[in-house]
Amino acid sequence: MALKALLGLSQAQLETWAKDQGLPPFRGRQLHDWLYAKGARHWHDITVLPAALRQQEPLPLGRSNELERHLAQDGTLKLLLATDDGLSLETVGIPTRDRLTVCVSSQVGCPMACRFCATGKEGLQRSLEPHEIVDQVLTVREVMQRRPSHVVFMGMGEPLLNSDHVLTAIDCLSRDLGMAMRQITVSTVGVPNTLPRLAELALERLGRAQFTLAVSLHAPDQALREELIPTARAYPYEQLLEDCRHYVAISGRRVSFEYILLGNLNDSPRQAQALAEQVRGFQSHVNLIPYNPIAEEEFQRPEPARVDAFAAALKQRGVAVSVRASRGLDQNAACGQLRRQRKGGR
């Protein structure tokens, strides 16, 4: 397959590319430094290259163009980025005092059609290339002028429908940007026959599977899960959990479970007890996510007391639990709200 961009290539690969262009290998090392450390966007930015080379562009670097930015009151930044083929994607920078998390997209749109998620309302356009994923992290770093510490594949798209490119991007983030792989999380709503294979591919491609896998359950039983996630009809609850066990056995890493709390629908203590029974036996963690409203659905955000009661019911049954704070709500940058919407229209 033809090379589409230089971003995403390792130093050794860039040295090889330079030699293929008739350039000395050290030009590849210079390119690596300017791509990853300096965040170059265009050939003419790379001032160490000869002027004659900078006047041409043998291959795109792989950087996106910013279309819009939205800064929430809590400091969360949402960026709308343009792809080379005229599409767009959203990525989010979530700062705290001690960390900067980048929520990256793995696809333009999403085919999973989860009812509580804005991204799924527009369907799938295509999967993203590795350089388009890595670029999101570089762009957030550039705009926020701060080094990202964590990356979560929780933006637009289903990562396990693009696992090859996702793993390539993880390798690049770890190897070339120096990010700790344990600070990278891949979130999936569940795709049949992909979880054990993901662990095998990670060991084969990366030598280890140290990133965190987060599996979105969002219901304590199959019937309600199908109501919320139409694609769950093809993936029985017990089979999903069995695949999670296989993933743990192959990778040696625990699985985290995500659960969106929908007011008076899946947030009762009784349902917390049922969820605890489902995840029993895993050395796992449940991350509770109070619903972030979207225009097309009438789901309700749960009352804080119900969130606390649900979390308490899990803890009483020995399940490690946390509640995710909603960030960027006033700019539709919170979990489940990404949809590539521009000011004044799409």
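Report follows, based on the coordinates. (Residues numbered from 1 in each chain as written. Predicted model: local features only at pLDDT ≥ 70, side-chain atom pairs only at ≥ 80, totals over all residues. Heavy atoms only, no water.)

**As for the side chain of Thr101**
The following threshold applies: Think of it this way: any DSSP run of H or I at least four residues long counts as a helix, any run of E at least two long counts as a strand, and we number them from the N terminus. A contact between two residues is defined here by any heavy atoms of the two lying within 4.5 Å.
Take Thr101: it is sitting in strand 4 (residues 100-103). Excluding residues that lie within four positions of it along the chain, Thr101 makes contacts with Val92, Gly93, Ile94, His150 and Val152.

**Here's the deal with unusual backbone geometry**
Note: most peptide bonds trans; most residues except glycine with negative phi. Rule in force here: Using a 1.4 Å probe on the protein chains alone, a residue whose accessible area is under 20% of its type maximum counts as buried, one over 50% counts as exposed, and one in between counts as partly exposed.
Of note, the phi angle at His218 is positive, near 65°, even though the residue is not glycine. Relative to the assigned elements, His218 resides in the loop between strand 9 (212-216) and helix 7 (222-228). Judged by its relative accessible area of 4%, His218 falls in the buried class. Residues other than glycine seldom take positive phi values, yet Asn264 does so here, at roughly 60°.

**A closer look at the sheet that holds strand 3 (residues 88-95)**
Here is the rule: Any two strands are treated as partners once DSSP identifies two or more bridges connecting them. In this analysis an axis means a line fitted to C-alpha atoms, helices contributing only their contacting stretch, and an angle means the value between N-to-C directions, from 0 to 180 degrees.
Read from one edge of the open sheet, 10 strands run 1-2-3-4-7-8-9-10-11-12, paired in mixed fashion. Bordering the open sheet on either side are strand 1 (65-71) and strand 12 (320-323), each of which pairs with just one other strand. For this sheet, the mean angle separating the axes of adjacent strands, direction not counted, is 25°. In this sheet, strand 12 lies alongside strand 11 (residues 285-290) in parallel orientation, the contact comprising four bridges. Bridge pairing in strand 12 places Leu288 opposite Val323. Along the sheet, helix 10 (residues 304-316) makes contact with strand 10 (255-261), strand 11 and strand 12, crossing strand 11 at roughly 170°.

**Re the pairing of strand 9**
Convention followed: Look down the strands so they point away from you; if the path from the first strand over the helix to the second goes clockwise, the crossover is right-handed.
Taken across its five residues, strand 9 has five buried, putting it largely inside the fold. Alternating positions in strand 9 separate into two faces, Thr212, Ala214 and Ser216 on one and Leu213 and Val215 on the other, with burial throughout. Of the pairings in the sheet, the one linking strand 8 (residues 184-188) to strand 9 comprises four bridges and is parallel in character. Bridged to Ser187 within strand 9 is Ala214. As for the winding sense of the linkage, the β-α-β connection from strand 8 through helix 6 (residues 195-206) to strand 9 is right-handed. Bridging between strand 9 and strand 10 involves four bridges; their strand directions are parallel. By the bridge assignment, Ser216 is partnered in strand 10 with Glu258.

**Considering the packing of aromatic side chains**
Remark: the centre distance and the inter-plane angle together describe each pair of aromatic rings, the angle taken between the planes. Condition: Pairs were defined over the aromatic rings of Phe, Tyr and Trp, the Trp ring being its six-membered one, requiring ring centres within 6.5 Å. Orientation was assigned from the angle between planes: stacked under 30 degrees, edge-to-face over 60, tilted for the rest. The criterion for a charge sitting over a ring is simple: Lys NZ or Arg CZ within 6 Å of the ring centre, and within 35 degrees of the ring normal.
Applying the stated criterion across every chain, the model contains four aromatic pairs. Between Phe257 and Phe282, the ring centres sit 5.3 Å apart and the planes meet at 85°, which makes this aromatic pair edge-to-face. Pair noted here: Phe257 is in strand 10 and Phe282 is in the loop between helix 9 (269-279) and strand 11, with a separation of 25 residues, a long-range link. Seen from their ring centres, Tyr291 and Phe299 are 5.8 Å apart, and the 85° between their planes marks the pair as edge-to-face. Note that Lys38 overlies the ring of Trp34, its terminal NZ or CZ placed 5.1 Å from the centroid.

**Focus on the nonpolar core**
A general feature of soluble globular proteins is that nonpolar side chains tend to end up buried together. Note the threshold: As used in this record, nonpolar core signifies buried Ala, Val, Leu, Ile, Met, Phe, Trp, Tyr and Cys residues forming a set joined through side-chain atoms within 4.5 Å.
The biggest cluster of nonpolar side chains holds 100 residues, and the ones touching the most others in it are Leu6, Phe116, Ile170, Phe211, Phe257 and Leu314. Among all residues touching Ile170, those that are not within four sequence positions of it are Phe153, Met181, Ile184, Val186, Leu206 and Phe211.

**Re the packing of helix 6 against helix 8 (residues 237-251)**
The following threshold applies: For this classification, under 35 degrees means roughly parallel, over 145 means roughly antiparallel, 65 to 115 means roughly perpendicular, and everything else is oblique. If you view the pair so one helix is near and one far, a crossing is left-handed when the near helix is turned anticlockwise from the far one by less than a right angle, and right-handed when it is turned clockwise. Gly counts as polar in this scheme, as do all residues outside two lists: the nonpolar Ala, Val, Leu, Ile, Met, Phe, Trp, Tyr, Cys and Pro, and the charged Asp, Glu, Lys and Arg.
In the contact formed by helix 6 and helix 8, the axes pass within 7 Å of each other and the chain directions differ by 15°. What the angle tells us is that helix 6 and helix 8 run roughly parallel. As helix 6 packs across helix 8, the resulting crossing turns out to be right-handed. Only Leu240, Asp243, Cys244, His246, Tyr247, Ile250 and Ser251 of helix 8 make contact with helix 6, whose side of the interface consists of Leu195, Pro196, Leu198, Ala199, Glu200 and Leu203. Across the contact of helix 6 with helix 8, the residue classes break down as nine nonpolar, two polar and two charged.

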